[in-house]
Amino acid sequence: MSASYRLGVDVGGTFTDLFLLCEQSGESWRMKVPSTPEDLSLGIIQGKDQILSTIPNGSEVILHVVNHGTTVATNAILEQKGAKVALIVTEGYKDILQTRRSQVPGGLASWIIWPKPEPLAPLELTIEAPGRLASDGTEIRKFDEAEFRKRLEAIVKQRPDAITVSLLNSFASQIHEHKAKQVICEVFPNTPVSLSSDILPELMEYERTVTTVVNSYVEPRVSLYLDNLLASLEGKARHLRILRSDGGLSSFRLARQFPVSWVLSGPAGGVTGAVSIVARETNHKNLITVDMGGTSTDIALVENGSPRLRRETQIGDLIVKSPSIDVRTVGAGGGSLAQVPEVTKALRVGPESAGAVPGPACYGKGSTMATVTDANAVLGYLPKHLLGGSFVLDIDAAKKAVQNVADALGVSLYEAAEGIIRLSNETVYGALRLVSVEQGYDPKEFSLVAFGGAGPLHANSLGKLIGAFPVIIPPSPGVLCALGDATTVLRHEIGRTFVRILRDTKVPEIVTACDELLQQIIKIMVEEQGVPMENQKHLFQADLRYKGQATNIPVDFSLNALESDGPSYLQEAFETEHEKLFTYRLSADVELVNLRVIAEEKKVTLTIKKLENAESTTPPSSLMVYRTTLVFEGQEFKDCPVWDRLGLRCGHIIEGPCTVTEVDSNTLILPGYVAKIDSVGNIEIWQVEEQLQPSPLTSKGSFSTVEVDIFENALRNARNEMDTLMTRTTMSPAIREQQDEFNVIAEPSGKMIVGQFGSFIPGFLQVWKGSIEPGDIFLTNDPYSVDGAVSHHNDWLILIPIFIERKLIAWTANFGHMTDVGGSVPGSLPCAADSIFEEGVQIPVTKIASRGAWNADLMEVIYRNVRLPEWNRSDVRALVAACEIAGKRMTELYTRFGDGSFFAIIDELLRRNKRAVGSILASAIPDEPAYFEDYIDDDGQGVGPWKIACTMSKRGEKLHFDFSKTDPQSPSSINFYLNINMFKMFVGIYLLVVYDSSVVANDGFHDLIDVDIPEGCLLRPIRPAALSCRTHMLARLMDLLSGLLGQRAPEFMTAAGFSDSPHFMYSGYRDNGEWYQLYWIGFGGIPARPIGDGPDGHCLWPAMKAIPNEFLEMYYPLSIEVFDTVADSGGPGRYRGGNAQRIFWRFLEEGQMSIHDDRWLSKPWGVLGGEPGARSTKVLVRYSESENDPPREVLGSKQDHIKVCSGDVLEWITWGGGGWGDPLEREPETVALEVARKLVSFEGAKRYGVVVSPDLSVDEDGTKLLRKKMKEEQSSRSTIEICNRGGTWEELKANCWKETGLRPPKWPSEVQLRGPMTKTPYFRAWQKAQIKGASKG
């Protein structure tokens, strides 16, 4: 029988890697050839020909199969070189990709510098389809084919390359998407169409849409590529298969149809290669893989020979719901740049990269910036000659680049080089923990497998950090992906949404649904993949969660076990996994969400040819290429051997320190470690003896600059771990989806060392007089008990002291917004409360666990006073778990660094922040005072506007904020008890985010900020002043800071905008007697910024995002009929303010609602010539009274107990962001494009001085005339104010009824204010100022 060969091919941007395997003998050949970017298939064919030329009669060989992994689809997305995609959405949802669930990534103030990416399907190619389905798949409005055909005509001339159809609730029924496709195929007969119900038939409309758009975006390009490749292989290979993101293979036809399934094909190849060469060929079945290349490092975990999978994939800024190997990527690679920002003088490594050009300095292409590769070269870890001697490194250039870093840090050359390596390794270490420790795995039970061009150089150090041994370097680690491609199997999966309460679900229902999926996938595997049924194996999987959670946990299950044990079998499997991931179980119902079947080709036994056995454990000296000097931990090791890997044999043992070199990679073996060569050529690195660690309590307080950076990075990772647990496990949508939770890690005295909203601890320590012991847990939600550290009763704060050997080393704390805490209205946020006694249960600082013993009785008393006790119980458990996890991380850091260094590093981090902020204050903030004021329009009781005013001035090295001109506390609930530390943190983060956004903010700079807030004012109310509507005052501080800092530092000068969190609450009893209660936060127009336009319909607050409307419609008696943005609502400017959000809520059952809102009278101001954004409006349309002529009721901004009936519609429009700069300076073509995108109207374009023709082109003559006229009008004005508020308050009030339909509020000075604040000197001074001002008027 003639030999049969399979070829694995992995195509990268620079090189194409090939691995040829003889299926009978196990012999293999490897090759690396240059990629051919103009046509990647050419490089594959050239590589194929070259590798076949190395075997007997290679030119006559017909390959059995070519298995191909590629980044073609990934690169099309990252480089934005995909198709022109048209998007079909449900009527009212045109902006689904534009608003991106409203999330701005990053921390507080990130919106100032975040460049919003363009959607892959542009708005000008987005068509709204008439027709509507309910969440159960029933038809609300019929699909109107004739109207849809008419709308499609609008994009015929634009000739889209591909079309996506993603209609609301299509996971429940395909009927409307299929009707849409029929019409599309008639209008665009040769254009590929992707249906979301085919690509991802699962709940969550944005994720399903973006996933399907990605499929359309890459399909034409990859189809052409695959067609060319298949044609080139004709007669040379029997089969062409493509590696999927989940590590399986797809047939040519399926790969062409579903390219989204292989967008992460490249990283998957390396993991499958590690499985093939390590897990299958050795006794090491549990692996953590590290694939380090030039710009990034990919980390994955393999358990018992199977890679862990995840249900979503991140590509750039996009989250794509497609199964993939759970690869976590960090911006640390050989080309990662090392920098020292002037502000902080802290070492930063990555994520910025030198790229292929110019590359590292040692590549000799002109770069002067140090990279990780340069640091490796300086330390002697890289040989001077690479790629088999064809590439010579410029070591002097590397030393010069690294010396620049050393000079900036004030350290030696070698210290800087080692610092770069250590910090890069620490970044990878965080990802290693993410796939292991944070998923409930002990890394000591795993081996670390490193590959890629740079992975083997860092592998030994990474194994030492994570404790995973042996560290394994596969043969030819630079082409391991190609090996993985060659040795994996065909795979496919299908699934469906199947939402049920598990305990109420009959087993036959599940079995029937699974059988239907099974028959479908068997047919696909046979007909599309060519795998006979007898060669298939099938795996059943269910996504489950506790009812109320949003994150699903996939669980494998057996139909036989399910039939024998019932639903409890699935429940136990789910709860076991939940406990492993998050450390606890709940008593809540378990919900079944999705079912799927995964089919795989049964594995073919492939033999990898074994190495010859060595005659001795010591390699012959002939394999030593030369000797060199290696530097490690400040010590120079001379005469270290450099071994030639190609000659090493099974059984050879080499001792560190040394390096092993080969054509595509280099391996570093550290002092104290040995490397053994196994039978298939893997290098196994083992520790010679246990490394002795000093006792943490006796270690000295010394540290290096790099150790401070490592510690800082670890703090960032710990905080991220807390956030992840909270958003994945909590019930309250405000926490789970909208991420209204904020955490803190503090040192023993309470100073925050990582966090965002300032430290909660000092306020607690001021009032707590009892004992603080190991195992104690504290709870509070009372702002008056903790000096405003939490600001209303819905925020429940958990605090945990962290001890080692009874020594307090840290505090961890986390608060989250509970959906309900009792009180006079559902949701516990009454607009008209006149005291905190109406705002729900008050929990003063309380010890809820003492020495580890939980006070269950006390907690039950608390839960008895809320409307959703199961949610609160679950969320408290999550808060505690998050704090406990952070406590473990602090304990690990303490043990790792030792007592003295632990606290010394913390002190240095605090000092570093102080130096950084001090530097910014000295250089960026002028000495002249700045004054700014802003307003809350009303208090919901007809009184307003309420002024918040501040004077900012420099006093020596300090920045002083004086709020003495702020209005007194309100008798209603708009008061905000501003915690001083929180405000200082706001100031510090605003400063740092512009100058060094990578800094981990802490309390170190606090004594550089002085804040005076008079007792009895809106920002320092006296108990029992109500606080439940404080969200507007909290958010208005963001505009205030922009106004203050922007007057003196242009980089902070943003307009006003969505500086609020509009709340909507809806509750009642369903017809079946079940209670429902929704708390929802809306979003609006982000202000225009110095870097550009404000995003439309987004959120200023960090990481918050909109709740999926399909989720809302499934769980609440609601239909969200419109969810888009409003043209022209963003203020015109050189940079446009973000447009407002429009939401039309149709109520399906009787209930009551509450609304919190503002900016209904005032307008979000524009700056530097920019115009203000539009106001918010709220109208309740009473369709329950008349379907044809319903009454329209204009609602005030803050109302409770609004009764609604089935059929009524709330039309809510939030406000737009103010504009930045002169609108006449905006590019006319940009304005015309936004008219095409319906972000600006034809009439609205004239506010920019632009005339847009009906064909959407710029009328150049008309524009020239209009702009000339508008400039003349501008020049006639005496001055242009810094802030354009759209008129004076007197003018706004005079036009209030006409423009809003509401009566203007009365000034606070026009009503008699009562309360304890009237006794304060501040109030008496305020009264006098009002009388004096009135007499002048």
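Here the structure is a predicted model, which means the values were calculated and not measured. (Residues numbered from 1 in each chain as written. Predicted model: local features only at pLDDT ≥ 70, side-chain atom pairs only at ≥ 80, totals over all residues. Heavy atoms only, no water.)

Caption draft 1: The arrangement of the overall build of the chain in detail. Across its full length, the chain carries 32 helices and 59 strands. By the compact-globule yardstick of 34 Å for 1337 residues, the chain fits well, its C-alpha radius of gyration being 32 Å. In terms of its C-alpha atoms, the chain occupies a principal-axis envelope of roughly 105 × 75 × 75 Å. A total of 1337 residues make up the chain; the buried ones form 64% of that total. Taking the intrachain contacts of the chain between residues at least 6 apart in sequence as the baseline, contacts between residues at least 24 apart amount to 71%. Carbon and sulfur atoms make up 50% of the accessible area of the chain, which totals about 48000 Å². (Helix = DSSP H or I, 4+ residues; strand = E, 2+ residues; numbered from the N terminus. Rg over C-alpha atoms; globule rule 2.2 N^0.38 Å. Buried < 20%, exposed > 50% of the residue type's maximum accessible area, 1.4 Å probe, protein only. Contact = heavy atoms within 4.5 Å. Areas by Shrake-Rupley, 256 points an atom, 1.4 Å probe, with all protein chains shown as cover.)

Caption draft 2: Quick peek at the packing of helix α21 (residues 856-863) against helix α22 (residues 869-897). Interaxial distance between α21 and α22 falls to 10 Å at its minimum, and their mutual angle equals 135 degrees. Here α22 runs oblique to α21, going by the angle between their axes. Here α21 and α22 pass one another in a crossing that is right-handed. Packed against α21, whose contacting residues are Met859, Glu860 and Tyr863, the element α22 presents Pro869, Asn872, Arg873 and Val876 at the interface. Considering only residue class, the contact of α21 with α22 consists of 4 nonpolar, 1 polar and 2 charged. (Axes fitted to C-alpha atoms, helices over the stretch in contact; angles between N-to-C directions. Parallel < 35°, antiparallel > 145°, perpendicular 65-115°, else oblique. Left-handed = near helix turned anticlockwise from the far one by under 90°. Nonpolar A, V, L, I, M, F, W, Y, C, P; charged D, E, K, R; others polar.)

Caption draft 3: The pairing of strand β11 (residues 240-243), seen in detail. Side chains Leu240 and Ile242 project from β11 onto one buried face, and the interleaved Arg241 and Leu243 project onto a second face that is buried too. Bridge count for strand β4 (residues 65-70) against β11 is 3 bridges, and the pairing is parallel. Pairing of Asn67 across the sheet is with Arg241, part of β11. Note that β11 and strand β12 (residues 249-251) share 3 bridges and pair antiparallel. In the sheet register, Ile242 faces β12, and the bridge partner there is Ser250. In this structure, the hairpin formed by β11 and β12 is closed by a connection of 5 residues, where Gly247 is found at a positive phi of approximately 90 degrees. (Pairing = 2+ DSSP bridges.)

Caption draft 4: Structural context of the packing of aromatic side chains. Applying the stated criterion across every chain yields a total of 38 aromatic pairs. Measuring from ring centre to ring centre gives 4.8 Å for Tyr1069 and Trp1075, while their planes differ by 65 degrees; the resulting arrangement is edge-to-face. Taking 4.7 Å as the distance between ring centres and 40 degrees as the angle between the ring planes, the aromatic pair formed by Phe1111 and Tyr1115 counts as tilted. With Phe1111 and Tyr1115 both in helix α26 (residues 1109-1115) and 4 residues apart, the pair spans about one turn of that helix. The structure contains a cluster of three or more aromatic residues connected by ring pairs, namely Phe1064, Tyr1066, Tyr1076, Trp1080, Trp1145, Phe1147 and Trp1212. Here Arg500 stacks its cationic end above the ring of Phe498, 3.9 Å away from the centre of that ring. (Phe/Tyr/Trp six-rings, centres within 6.5 Å; stacked < 30°, edge-to-face > 60°. Lys NZ or Arg CZ within 6 Å of the ring centre and 35° of its normal.)

Caption draft 5: Structural context of the confidence of the model for the chain. Here the chain shows a mean pLDDT of 91. Residues at 70 or above account for 97%. Here residues 694-698 scores under 50 on pLDDT; set against residues more than four positions off or in separate chains, the count is 8 contacts. (pLDDT = per-residue confidence, 0-100.)

Caption draft 6: Region of interest: the pattern of salt bridges. According to the stated counting rule, one finds 87 salt bridges in the structure shown. Close ionic contact of Arg585 with Glu572 constitutes a salt bridge, the shortest N to O distance being 3.1 Å. Within this pair, whereas Arg585 is found in the loop between α17 (567-582) and β30 (590-601), its partner Glu572 is found in helix α17, the two being separated by 13 residues in sequence. Residue Asp1096 pairs with Arg1136 through a salt bridge whose shortest N-O separation is 2.8 Å. With Asp1096 in the loop between β50 (1075-1081) and α26 and Arg1136 in the loop between β51 (1118-1125) and β52 (1141-1147), the pair connects residues that are 40 residues apart, well separated along the chain. Residue classification places Asp1096 among the buried residues on the basis of a relative accessible area of 2%. (Salt bridge = Lys/Arg side-chain N within 4 Å of Asp/Glu carboxyl O.)

Caption draft 7: Local environment of helix α24 (residues 980-995). An ideal rise of 1.5 Å per residue puts 22 Å on 16 residues; α24 measures up with 23 Å between its terminal C-alpha atoms. Burial within α24 is extensive, with 13 of its 16 residues counted as buried. Where α24 begins, the capping side chain belongs to Asn979, and its oxygen is found 3.1 Å from the backbone nitrogen of Asn981. (Expected span 1.5 Å × (residues − 1). Polar contact = N/O pair within 3.5 Å; in protein donor to acceptor, adjacent residues only side chain to side chain.)

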